[in-house]
Amino acid sequence: NYTGNIEKWSHYLKPENLFVGCYDDINLRPAEMLMDLFEFLGVTVDEKFVSPKATQVINGTGPSRIPAEYKTMLDDIFKEEKERIKVSYDRSWT
């Protein structure tokens, strides 16, 4: 329960001290994710501080595909969770 874990940490941390990110963002847009993190930390947001290694695949395993029937099932199971993340933390994934 991703949002449950975030809510638990939220009891101990102020909102400005809790960065919520998604693995998909790291995987699909690593440089932008780093700049989001820079902004959260209050440091200079500039691509010149993003190392080329940030977009380099290391130990890549290649894409994996979830069969359509299981993807539909998982989308249904996690629909509310994904919506809470989107609304509460301005994050979403497919």
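Residues numbered from 1 in each chain as written. Predicted model: local features only at pLDDT ≥ 70, side-chain atom pairs only at ≥ 80, totals over all residues. Heavy atoms only, no water.

A.B. asks: For the overall build of the protein chain, give the residues involved together with the corresponding values.
C.D. replies: A count of helices and strands for the protein chain gives five helices and zero strands. For the protein chain, the succession of helices and strands along the chain, N to C, is α-α-α-α-α. On C-alpha atoms alone, the protein chain measures out to a radius of gyration of 16 Å, which is more than a quarter above the 12 Å that the 2.2 N^0.38 rule sets for 94 residues. In terms of principal-axis extent, the alpha carbons of the protein chain reach across some 45 × 35 × 20 Å. Within the protein chain, buried positions represent 17% of all 94 residues. Summarising the internal contacts of the protein chain: among those between residues at least 6 apart in sequence, 41% fall at separations of at least 24. Only carbon and sulfur atoms are counted for the fraction: they give 55% of the accessible area of the protein chain, which is about 7900 Å². (Helix = DSSP H or I, 4+ residues; strand = E, 2+ residues; numbered from the N terminus. Rg over C-alpha atoms; globule rule 2.2 N^0.38 Å. Buried < 20%, exposed > 50% of the residue type's maximum accessible area, 1.4 Å probe, protein only. Contact = heavy atoms within 4.5 Å. Areas by Shrake-Rupley, 256 points an atom, 1.4 Å probe, with all protein chains shown as cover.)

A.B. asks: Explain the packing of helix α1 (residues 2–10) against helix α5 (residues 79–89) to me, using residue names and the numbers behind them.
C.D. replies: At a minimum axis distance of 9 Å, the contact between α1 and α5 shows a crossing angle of 40°. As judged from the angle between their axes, α1 and α5 are oblique. Note on element contacts: α5 touches α1 through Glu81, Arg84, Ile85 and Tyr89, opposite Tyr2, Thr3, Ile6 and Glu7. When the residues that make up the contact of α1 with α5 are grouped by side-chain class, the tally is four nonpolar, one polar and three charged. (Axes fitted to C-alpha atoms, helices over the stretch in contact; angles between N-to-C directions. Parallel < 35°, antiparallel > 145°, perpendicular 65-115°, else oblique. Nonpolar A, V, L, I, M, F, W, Y, C, P; charged D, E, K, R; others polar.)

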